[in-house]
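Residue-level structure breakdown
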There are 2 protein chains.
Amino acid sequence: MVNAGDMNGSGNLMDFLDEPFPDVGTYEDFHTIDWLREKSRDTDRHRKITSKSKESIWEFIKSLLDAWSGWVVMLLIGLLAGTLAGVIDLAVDWMTDLKEGVCLSAFWYSHEQCCWTSNETTFDDRDKCPQWQKWSELLVSQSEGASAYILNYFLYIMWALCFAFLAVSLVRVFAPYACGSGIPEIKTILSGFIIRGYLGKWTLLIKTVTLVLVVSSGLSLGKEGPLVHVACCCGNFFSSLFSKYSKNEGKRREVLSAAAAAGVSVAFGAPIGGVLFSLEEVSYYFPLKTLWRSFFAALVAAFTLRSINPFGNSRLVLFYVEYHTPWSTSELISELFNDCGALESSQLCDYINDPNMTRPVDDIPDRPAGPGVYSAMWQLALALVFKIVITIFTFGMKIPSGLFIPSMAVGAMAGRMVGIGVEQLAYHHHDWIIFRNWCRPGADCVTPGLYAMVGAAACLGGVTRMTVSLVVIMFELTGGLEYIVPLMAAAVTSKWVADAFGKEGIYEAHIHLNGYPFLDVKDEFTHRTLATDVMRPRRGEAPLSVLTQDSMTVEDVETLIKETDYNGFPVVVSKDSERLIGFAQRRELILAIKNARQRQDGVVSNSIVYFTEDPPELPPNSPHPLKLRRILNLSPFTVTDHTPMETVVDIFRKLGLRQCLVTRSGRLLGIITKKDVLRHMAQMANQDPESIMFN
Amino acid sequence: MVNAGDMNGSGNLMDFLDEPFPDVGTYEDFHTIDWLREKSRDTDRHRKITSKSKESIWEFIKSLLDAWSGWVVMLLIGLLAGTLAGVIDLAVDWMTDLKEGVCLSAFWYSHEQCCWTSNETTFDDRDKCPQWQKWSELLVSQSEGASAYILNYFLYIMWALCFAFLAVSLVRVFAPYACGSGIPEIKTILSGFIIRGYLGKWTLLIKTVTLVLVVSSGLSLGKEGPLVHVACCCGNFFSSLFSKYSKNEGKRREVLSAAAAAGVSVAFGAPIGGVLFSLEEVSYYFPLKTLWRSFFAALVAAFTLRSINPFGNSRLVLFYVEYHTPWSTSELISELFNDCGALESSQLCDYINDPNMTRPVDDIPDRPAGPGVYSAMWQLALALVFKIVITIFTFGMKIPSGLFIPSMAVGAMAGRMVGIGVEQLAYHHHDWIIFRNWCRPGADCVTPGLYAMVGAAACLGGVTRMTVSLVVIMFELTGGLEYIVPLMAAAVTSKWVADAFGKEGIYEAHIHLNGYPFLDVKDEFTHRTLATDVMRPRRGEAPLSVLTQDSMTVEDVETLIKETDYNGFPVVVSKDSERLIGFAQRRELILAIKNARQRQDGVVSNSIVYFTEDPPELPPNSPHPLKLRRILNLSPFTVTDHTPMETVVDIFRKLGLRQCLVTRSGRLLGIITKKDVLRHMAQMANQDPESIMFN
């Protein structure tokens, strides 16, 4: 472990490395971080602040600020994520209506806002007001009839195409990372991989703008996944303001996990669901501290979104509105979930009512279906097939696109169809055993809307393999806490069924497809291989490149660095004994030698490099030796060559290692890197090990 | 790692250890388990079943059964835990009423059941029916007046005392482990500690019976914590039926984690809250697989409880009843949460109504308090102090007792008082800045019942430091999904405030108080010590007891075992080189030597014991050597002496190690056990390291 305290000069060893050199502790693009090392660096930083805080009041205040900075970052993320979500909602509303027409009194008003602010409209006719002009009314004198209809339709399509085209161009030209839902990449980043720019400000801007465009254009996609990406970009931005997070990739990932929770919180108005989604689906390292902070960020984000909501109602309850707003992008689902009252005008509710009915008008169970319901069934079946197909194609496009709402729509259609089927079966066959006990004639025993809700949950569960977070999101979304048992049953069943076809959810499948180096905690490694089968060098390969503790010259080291591209080198007592004393990072070796050559007198190419406490005994007139103990990790992680690979995989997963040295009876035999582990796992699963992207 | 496959005879080495000997892989009481080893043993078992499953259809079916046994165990736990919770509820109902009187038509009926089944009662007078006789009516002819009242009161107290005395005696004589809530001990057990009998059948029986007694006696305690203990006993019982779980302490703990979730699920009727409680508060090792299984167990348990609930209602909604049933043990909380309608008779709702009111009778906001409210405030304040005091004393008693309901009652009282205060402040000072905007005269802006609910959540949060699970339990309990923001804010605030007084929740405090060896994931270790400061032997102590790979005799080994009480011994190449080759468990050494002496010819006291592949070269006429390679763990966990203790603590926590060897440059220096780590942490926190109970 390279100890940051040692590097940054806590002072018991006086050599030129007392001053930290730049870029220490950073990683290159497409590299993987060393969690243990990051954690250790943070503890060191924390320790230094604590000891300094006793020196003066100013230092004490600084230590308090440092301790609270985590909560401050969460507050900022919550505020920004909530604001962005609100802005996106408003912009989508406006642009969706822009496809139809424009508000003459103020062009930035959506149709609803335009007519709400108009005094000339009556309550019954809120949709129509003179200020709101359809494009045909503006462009041609004749504003009714078939040709106006065709013109409106044509302009509607043109606007939609424009939006979609603009979105694709923006993504392609400015921020290729803004496409897709972003969740697979965020999962990978949270597991410790570095993808520079993926969470950058440019991505944030382009993703926000294009998300508005694609949602308004009416494509079959949801804004939920992209909102998680947007929130993570916010998280990345704010963590760059605090050195505690900007300089520590491990701590930064804690912030990002919480930001993901805030993203789901505003996407669905489901703060608890957001925290659980981050825990179950997205995060890799999720300590309890992060759980609490996520909880706080999700709370602030939901609250902010609610506060800026221009369609807010005046109820005491803060979040009542949220059970409905998310559906405004998807009125279809809302309709499918709805129960049929007597006043419902939807075709789905075209039941044959008993004219002699004595019950109150709201409570009309157990009716035969009318012709409208039958034709709605056909339309639903067609729409289901069509929706599945276009969703598949849309999700493959290079635009911001989420899967949540389309999957739920598919499930809701299927569920509603099943629900209507069961309802009519029950109506026509009250005597069947399954209906006899609980579904007597006249009883309200089948609610097709509930079937739609359960279907939506089941479909989303099958796609993503969420369970607990799914149920919580569903009941935060619908307010249907009472349906927890059918929802839970649906979640468990859909997981079982989907797992029978393959253990991977959509996000894991995408990670594999893209070859991201993701060490999934869900994959169980059960093969019988040992560390010796995986470590490098293999039999017949050149021996391991090592440094010796006190017998190599600066030039030897530079040659070794030049001729290999390894990220680090084990340091041994001597080439003969091969007893391991530590591990030196390539990056730090380069920086240290460069620094020494520039700044330290007498360090030349044939100076001896030593990693021991005391310099080796050298013949007289030897050049000044170079001490590099400070960059030596004196506690490299080791396993024996007999260690089963399942244990090695477990260690890599749980401790977040980057590499691990393999020894036998204290002698160094080889090295296993995270890449080796991932390739071995791919090989064992009969996949192409070369598909894994990794530097 | 002792590889179970090696021990159980996969066959490349032919020695007498081919047959497994009994008790291998078990642990002694008050010992800690080795998670890595348990995991490895399970993978091995799994691998064997998978390879066998290709041999015949029968083996294939067996492998399927094995794969599904986890879900079967969950189903059984859910069924039994739900049934027990239902039985406890019924029994508590009956026995609570038994303190008042008895049902003449059937003595096993509670007051409510007795009068429900009676035909002679009218709807208005459901509480009174001739079948239900108070004790005074049965015992003396005069059943009205002051003396009857005193007799009833006296008998009531006598019954309560009887119940409490019986409970204390039962616990003391039959199952001392049945006392308390059990959650601190379950946390400790789940972290890998062995406490034999704590989850035994006897504890299950006595805890169930005494729980009924103490709840019926009217003591200030809840049944929630004990129900978690009861559910874990069920879990332990069912896991003993499946060798997959009974023979593997690690797998058994996965079942117990899920059982804890089922326990909370039935205690509160909150299945999701139960899963989150298990995750946030109780469990130590909680992989996603366990999350899904917990979810299933919680679902089955809640469903079972609902199905056997004799007070079930006929609503379509399965769990509506649950928002109310938990309160039947605590009508006080229910009343405190309630809103005041016009028909409410409670003293808390004695508001002065406007006689000229034109609003509908249900909606009467913004009223001045009547004298009843003022006297209720005094009573609440007194009750609050009294409740706090008796709850503290009750929780210290040696009876089954939970803290949830009493803490919530305390919080609800305080919250209702604050709520009434704010309400009256708003009524009398509509012009104050804080009220001006949102609380105009006549508006319903303050709901004291909501304050009580938030107060209950805050108080419970402060006591246990739960956050996410707390909010979910609260809204599953009350159905108040709409109040998620105030509940979340209360949870976060109460956690902050409580943490300022000390980081430990009540369960962690109890663990420390009892000296259980619990390596808390929440504690951060930030001290600057190194492995070398903690390892044994210390400077000046006798050298580490080691075995050599091929130079000790059976007698030497037996002497070493006799003279020390270590749980295992490192095996080195030779005493001079001290190069580590593996680790041998004491228990397995004893068993192996005993077995060899009985069964293997030629093994005598001066036989050489060897751990290498091939026997050492021995002088002619030496006795037959004893090969013990099979019990040698060839991949013991090692760290270097320079490893920071924070990393060591992390490794122990995340990998669940029992011990770890310390080396420098490949030479064995010492050993660190979990006990050493815990003692070192206690020392660093200025606590007495000797207080930790550990064998």
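Residues numbered from 1 in each chain as written. Chains lettered and ligands numbered in written order. Predicted model: local features only at pLDDT ≥ 70, side-chain atom pairs only at ≥ 80, totals over all residues. Heavy atoms only, no water.

Some remarks on the pattern of salt bridges
This is how it is decided: The term salt bridge refers to a side-chain nitrogen of Lys or Arg lying within 4 Å of a carboxyl oxygen of Asp or Glu. Runs of H or I in DSSP of at least four residues are treated as helices and runs of E of at least two as strands, each being numbered from the N terminus. Here's how the labels work: a residue is buried when its accessible area is under 20% of the maximum for its type, exposed when over 50%, partly exposed in between, all with a 1.4 Å probe on protein chains only.
Scanning the entire structure with this criterion turns up 48 salt bridges over all chains. A salt bridge links Lys251(A) to Asp42(A), with the nearest nitrogen and oxygen atoms 3.8 Å apart. Of the two residues, Lys251(A) sits in helix α11 (residues 249-268) while Asp42(A) sits in helix α2 (residues 35-52), which places them 209 residues apart along the sequence. With respect to class, Lys251(A) is no different from Asp42(A); both count as buried. One salt bridge in this structure joins Arg47(B) and Glu646(A), with 3.4 Å as the shortest N-O distance. Highlighted residues: Arg47(B) in helix α2 (residues 35-52) and Glu646(A) in helix α25 (residues 645-655), drawn from two different chains.

Observations concerning the sheet that holds strand β7 (residues 608-610) of chain A
Residue and element names in this part refer to chain A. Where we set the bar: Two strands are counted as paired when DSSP detects at least two bridges linking them.
The 3 strands lie next to each other as β4-β7-β8, forming an open sheet whose pairing is mixed. The open sheet has two edge strands, β4 (552-553) and β8 (626-627), and neither has a second partner. Here β4 pairs with β7 via 2 bridges, running antiparallel. Bridge pairing links Met552 to Val609 in β7.

Some remarks on the relation of the copies chain B and chain A
Selection rule: Least squares is the method for superposing the copies, and the C-alpha atoms it fits come from residues with pLDDT of at least 70 in both. Contacts: residue pairs with any heavy atoms within 4.5 Å of one another.
Aligned on chain A, chain B shows an RMSD of 0.1 Å; the corresponding rotation is 180° and the shift along the axis is 0.0 Å. With respect to symmetry, the two chain copies, as superposed, fit the operation of a two-fold axis. For chain B, the minimum C-alpha distance to the rotation axis belongs to Gly666(B) and amounts to 1.8 Å. Of the interface residues in chain B, 100% have counterparts in chain A that sit at the interface too, so the contact is made through matching surfaces.

With respect to the sheet that holds strand β11 (residues 659-664) of chain B
Residue and element names in this part refer to chain B. Here is the rule we go by: All axes here are fitted lines through C-alpha atoms, helices being fitted over the stretch that makes contact, and every angle between N-to-C directions spans 0 to 180 degrees.
Strand order in the open sheet formed by 3 strands is β10-β11-β12, with mixed pairing between adjacent strands. Looking at which strands have only one partner, the edges of the open sheet turn out to be β10 (638-640) and β12 (667-673). The average undirected angle you get between the axes of adjacent strands in this sheet is 35°. Bridge analysis of β11 against β12 gives 6 bridges, and the strand direction is antiparallel. Across the sheet, residue Cys660 finds its bridge partner in β12, namely Ile672. Across the sheet, helix α25 (residues 645-655) lies against β10, β11 and β12, angled at about 60° from β12, the strand it touches most.

Things to note about a nonpolar patch on the surface
Residue and element names in this part refer to chain A. The test is simple: The patch calculation keeps residues exceeding 30% relative accessible area without a salt bridge and links them within 9 Å when they carry like charges or within 5 Å when they are nonpolar (Val, Leu, Ile, Met, Phe, Trp, Tyr). Using a 1.4 Å probe, the Shrake-Rupley method yields the accessible areas, and only the shown protein chains count as cover for residues.
There is a patch of nonpolar side chains on the surface, built from Tyr149, Ile150, Tyr153, Phe154, Tyr156, Ile157, Met158 and Leu161 and spanning about 840 Å² of accessible area. With respect to the element layout, Tyr156 can be found in helix α6 (residues 145-174). Using a relative accessible area of 31% as the deciding quantity, one classes Tyr156 as partly exposed.

Considering the interface of chain B and chain A
One frequent convention defines the size of an interface as the accessible area lost when the parts assemble. Rules: Buried area is understood as the total, over both parts, of accessible area removed when two parts are fitted together, assessed with a 1.4 Å probe. In the analysis that follows, any N or O atom pair within 3.5 Å is treated as a polar contact, provided that within protein one partner can donate a hydrogen and the other can accept it, and provided that, for residues neighboring in sequence, both atoms belong to side chains. Classification convention: Asp, Glu, Lys, Arg as charged; Ala, Val, Leu, Ile, Met, Phe, Trp, Tyr, Cys, Pro as nonpolar; all other residues, Gly among them, as polar.
At the interface, 84 residues of chain B touch 85 residues of chain A. Together chain B and chain A conceal approximately 7,400 Å² of surface at their shared face, both sides included; 70% is due to carbon and sulfur atoms. For the interface between chain B and chain A, the tally reads 19 residue pairs in polar contact (both at pLDDT 80 or more). Here the residues of the side of chain B that touches chain A sort into 45 nonpolar, 19 polar and 20 charged.

Quick notes on the state of the cysteines
Rules: The criterion for a disulfide is a pair of cysteine sulfur atoms lying within 2.5 Å.
Evaluation of the coordinates by the stated rule reveals 2 disulfides over all chains. Disulfide pairing is shown between Cys103(B) and Cys114(B); the S-S distance is 2.0 Å. Across the S-S bond linking Cys103(B) and Cys114(B), the dihedral sits near 80°, which makes this disulfide right-handed. With Cys103(B) in strand β1 (residues 101-103) and Cys114(B) in helix α4 (residues 111-117), this residue pair connects regions lying 11 residues apart in the sequence. Since its relative accessible area comes to 2%, Cys103(B) is described here as buried. The class for Cys114(B) is buried, based on a relative accessible area of 0%. Not engaged in a disulfide, the cysteine Cys232(A) finds its nearest cysteine sulfur in Cys233(A); these two sulfurs lie 7.3 Å apart.

Considering helix α9 (residues 224-239) of chain B
The cut-off we apply is this: By this rule, a helix spans an expected 1.5 Å times one less than how many residues it contains.
Between the first and last C-alpha of α9(B) there are 23 Å, a value that for 16 residues agrees with the 22 Å anticipated at 1.5 Å per step. Taking burial as the measure, the 16 residues of α9(B) include 15 buried ones, the bulk of the element.

What to know about helix α8 (residues 201-217) of chain B
Think of an α-helix as turning once every 3.6 residues; residues three or four places apart then point the same way. Over its 17 residues, α8(B) extends 24 Å from the first C-alpha to the last, a length consistent with the 24 Å expected when each residue adds 1.5 Å. Note on α8(B): the residue one or two positions beyond its end, Gly218(B), has a positive phi of about 90°.

Details of unusual backbone geometry
A cis amide bond links Arg536(A) with the next residue in sequence, Pro537(A), at an omega value of -10°. Along the chain, Pro537(A) turns up in the loop between α22 (531-534) and β3 (547-548). Of note, the phi angle at Glu578(B) is positive, near 55°, even though the residue is not glycine. By the secondary structure assignment, Glu578(B) is in the loop between β5 (568-572) and β6 (580-585).

Details of the environment of Lys387(B)
Residue and element names in this part refer to chain B. As for its position among the elements, Lys387 is in helix α15 (residues 371-395). In this structure Lys387 comes out as buried when scored by relative accessible area, which is 18%. As a C-alpha pair, Lys387 and Ser407 span 20 residues in sequence and 9.1 Å in three-dimensional space. With residues up to four places along the chain from it excluded, the contact list for Lys387 reads Ser220, Pro406, Ala409, Val410 and Met413.

Side note on the packing of helix α16 (residues 404-428) of chain A against helix α18 (residues 448-464) of chain A
All names here are of chain A. Using the following cut-off: Oblique is the label for every angle not falling under 35 degrees (roughly parallel), over 145 degrees (roughly antiparallel), or within 65 to 115 degrees (roughly perpendicular). Crossing handedness follows the turn of the near helix against the far one: under a right angle anticlockwise gives a left-handed crossing, and clockwise gives a right-handed one.
Contact geometry of α16 with α18 gives a least axis separation of 6 Å together with a crossing angle of 140°. Here α18 runs oblique to α16, going by the angle between their axes. Both α16 and α18 take part in a crossing whose hand is right-handed. A per-class count over the contact of α16 with α18 returns 14 nonpolar, 6 polar and 2 charged.

Section: the confidence of the model for chain A
Residues and elements named next belong to chain A. Note the threshold: pLDDT is a per-residue confidence score from the predictor, ranging from 0 to 100.
This prediction gives chain A a mean pLDDT of 82; 84% of its residues lie at or above 70. Within chain A, helix α1 (residues 4-7) has the poorest average pLDDT of any element, 38, and helix α9 (residues 224-239) the best, 95. For residues 1-19, every residue scores under 50 in pLDDT, and the model assigns this stretch 56 contacts once sequence neighbours within four places are set aside. Note on residues 357-364: pLDDT under 50 across the span, and 7 contacts to partners over four residues away in sequence or across chains.

Quick look at the pairing of strand β6 (residues 580-585) of chain A
Two faces belong to every sheet, and in a regular strand the side chains alternate between them. Residue and element names in this part refer to chain A. For β6, the buried fraction is high: 6 of the 6 residues fall into the buried class. Sheet topology note: the strand β5 (residues 568-572)/β6 ladder contains 5 bridges and is antiparallel. Along β6, the bridge assignment pairs Phe569 with Ala584. Strand direction decides the pairing type here: β6 and strand β9 (residues 632-633), joined by 2 bridges, are antiparallel. The residue of β9 that forms the bridge with Phe583 is Asn633.

With respect to the nonpolar core
Rules: Buried residues of nine kinds, namely Ala, Val, Leu, Ile, Met, Phe, Trp, Tyr and Cys, make up a nonpolar core once their side-chain atoms join them within 4.5 Å.
In terms of nonpolar packing, the biggest core is built from 276 residues, with Ile272(A), Ile672(A), Ile272(B) and Ile672(B) touching the most fellow members. Ile672(B) has contacts with Ala531(B), Val534(B), Met535(B), Met645(B), Val648(B), Phe652(B), Gln659(B), Cys660(B), Val662(B) and Val677(B), leaving out every residue within four places of it along the chain. Val571(A), Val609(A), Leu626(A) and Leu628(A) belong to the second-largest nonpolar core, a separate cluster that totals 23 residues.

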